[in-house]
Amino acid sequence: MDWGALQTVLGGVNKHSTGIGKIWLTVLFIFRIMILVVAAESVWGDEQQDFVCNTLQPGCRNVCYDHFFPISHIRLWALQLIFVSTPALLVAMHVAYRRHEKKRRFRNGEKIDIEELKNEKFHIRGPLWWTYTSSIFFRIAFEAIFMYVFYYMYDGYQMPRLMKCSAWPCPNTVDCFVSRPTEKTTFTIFMLAVSGICMMLNLAELCYLVIKVCWKDSRKTT
Amino acid sequence: MSWGFLRDLLSGVNKYSTGIGRIWVAVVFVFRLLVYIVAAENIWKYEHDEFECNIKQPGCENVCFDHFFPVSHIRLWALQLIMVSTPSLLVVFHVAYRENREKHHNQKLHKSPGEIDGGLLCTYLISLILKTGFETVFLVLFYKLYNGFKVPRLVKCDIRPCPNTVDCYISKPTEKMIFLYFLVATSCLCIVLNLSELSYLIFKYSIKCYLKRYSKKCQ
């Protein structure tokens, strides 16, 4: 069970998404999950071991690290990706429920082609439209919340080279040095940019769905 | 042999579950198993190496670590995930037994082997009760073993061979605490889902039973 399993589930949702939704999914997989697994994890891998403080006092390094990094970037990104992917599961569940209903009708005697049922693409109409739109809304909300949490927790998106720490048991103000600050800043800004792009795609998809429905309604009334 | 086995097991169970059961499987996959594998495991990876005591006495660190962490959080978490998923096997076995019986007698004994009625309903209810029981037991175990769900920054240790009371520092206590609270929250959510499913099934089948008896009385 890892990102691959999530990819299988989300890949299933892909069939029922709009064009923009498919682009969003591709961006998510290639520029976020893949980058996280292939690159970012190695950059943050030796985080605490290479966090060095200018003191021999045992415990000072642990305490300073904990003070400056309450929750590591890499874990926040993993949680962000999980939360942002979860609303798509709502759509998957709705589609599965519809298929289940059709199967039940088939068992009760109605004539339905079972092969067609397996490969059927459900159009985004009616209750599915509401589920899909709510899932996009939640995605946007989660992205915004996590971007804000990052900003609030780390005072911006830059990783400083040096941090001054005076938490007990450090004897006085001690210099602590973060490992690979430039590389970490680069990846943080990259992930932030891709988050922003994903948010834009979600907003565009939301507008597209709303405009499509309004246009259809106006055609019906005329 | 890894978490993939658990994933396949739960996917198999999904076929015979109610709607709430499927939500439970999704919550276990996404918010517990996935979070455990991609995030939590790495936090606790070097917990022993990064556990530092303010003393040069050999053996003191080892002894203090062992005293404060008899079973590591992450191992308890893994055990909890395994124990909580296992009762679903009862349902899978019962359905397989039904299918086997149908094959043996060469006739259709049930409307569908996966239909939750009769004996399978009892098995399903027992599996739900066991799941809820295991969740509660592990939450209580976490609470009792670690005096709550807080991870302190500093622990004081005076076990032999430490010469006197020594300060020991735990690595990443805040991050560990955040993920522990996450674990507790998802456990509680799963307990709520299990209890809702239990009440829903009991209610549904009591109504069915009552209506059957009522219709028999009318005839």
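Because the structure is a prediction, the values reported are computed rather than measured. (Residues numbered from 1 in each chain as written. Chains lettered and ligands numbered in written order. Predicted model: local features only at pLDDT ≥ 70, side-chain atom pairs only at ≥ 80, totals over all residues. Heavy atoms only, no water.)

Participant: So what about the nonpolar core? Which residues, and what values?
Facilitator: It is characteristic of soluble globular proteins that their nonpolar side chains tend to be buried jointly. Counting residues in hydrophobic clusters, the biggest one holds 118 residues, and the most contacted among them are W3(A), F51(A), F69(A), F51(B), W77(B) and F179(B). Take this core: its biggest share by element is 16 residues, from helix α2 (residues 19-43) of chain B. In this view, F69(A) contacts F51(A), Y154(A), M159(A), M163(A) and V178(A); residues no more than four positions away in its chain are not counted. Judged by nonpolar contacts, the second largest core, of 12 residues, contains V91(B), L198(B), L201(B) and Y205(B). (Core = buried A, V, L, I, M, F, W, Y, C linked by side-chain atoms within 4.5 Å. Buried < 20%, exposed > 50% of the residue type's maximum accessible area, 1.4 Å probe, protein only. Helix = DSSP H or I, 4+ residues; strand = E, 2+ residues; numbered from the N terminus. Contact = heavy atoms within 4.5 Å.)

Participant: Now, about the UniProt feature "transmembrane region" (unreviewed entry) in chain B: what can you tell me, with residues and values included?
Facilitator: All names here are of chain B. If you check UniProt for "transmembrane region" (unreviewed entry), the listed places come out as residues 21-39, 77-97, 118-143 and 178-203 in our numbering. The annotated region residues 21-39 carries 100% helix and 0% strand content, and the separation between its end C-alpha atoms amounts to 25 Å. With 90% helix and 0% strand, residues 77-97 has end C-alpha atoms that lie 32 Å from one another. (UniProt positions renumbered as here; feature names shortened; annotations may be inferred.)

Participant: Lay out the side chain of K131(B) with the relevant residues and their values.
Facilitator: All names here are of chain B. Mapped onto the fold, K131 is located in helix α6 (residues 119-145). Of the side chains with opposite charge, E197 comes closest to the buried, unpaired K131, at an N-O distance of 5.3 Å. Leaving out residues up to four positions away in the same chain, K131 has contacts with W24, V84, P87, S88 and N194. (Lys, Arg positive; Asp, Glu negative; His and termini not counted. Salt bridge = Lys/Arg side-chain N within 4 Å of Asp/Glu carboxyl O.)

Participant: Give me the lowdown on the state of the cysteines, citing residues and values where you can.
Facilitator: Residue and element names in this part refer to chain A. Enumeration according to the criterion identifies six disulfides over all chains in this entry. Put simply, C64 and C165 are joined by a disulfide, and their sulfur atoms are 1.9 Å apart. Handedness of the C64-C165 disulfide follows from its S-S torsion of about -85°: it is left-handed. Within this pair, whereas C64 is found in helix α3 (residues 60-68), its partner C165 is found in strand β2 (residues 162-165), the two being separated by 101 residues in sequence. For the pair C64 and C165, a shared accessibility class is recorded, and that class is buried. Each disulfide in chain B links cysteines that, numbered along the sequence, combine into the pattern 1-6, 2-5, 3-4. (Disulfide = S-S within 2.5 Å.)

Participant: Before we move on, could you go through a nonpolar patch on the surface and cite the residues and values that matter?
Facilitator: Residues and elements named next belong to chain B. On the surface, a nonpolar cluster with roughly 590 Å² of combined accessible area is contributed by F203, I207, Y210, L211 and Y214. Mapping Y210 onto the fold places it in helix α7 (residues 173-218). When its relative accessible area of 57% is taken as the criterion, Y210 is described as exposed. (Patch = residues over 30% accessible without salt bridge, like charges linked within 9 Å, V, L, I, M, F, W, Y side chains within 5 Å. Areas by Shrake-Rupley, 256 points an atom, 1.4 Å probe, with all protein chains shown as cover.)

Participant: How would you summarise the pattern of salt bridges if you had to cite specific residues and measurements?
Facilitator: Residue and element names in this part refer to chain A. Applying the stated criterion to the full structure yields nine salt bridges over all chains. The partner of R32 in a salt bridge is E143, with the nearest N and O atoms 2.7 Å apart. With R32 in helix α2 (residues 19-43) and E143 in helix α6 (residues 127-153), this residue pair connects regions lying 111 residues apart in the sequence. R32 sits in the buried class, given a relative accessible area of 2%. What makes E143 buried here is its relative accessible area of 0%. When the shortest N-O distance is used, the salt bridge between D175 and K164 registers 2.7 Å. Here the residue D175 occupies a position in strand β3 (residues 174-177), and K164 occupies one in strand β2, the gap between them amounting to 11 residues. Given the relative accessible area of 24%, D175 is considered partly exposed.

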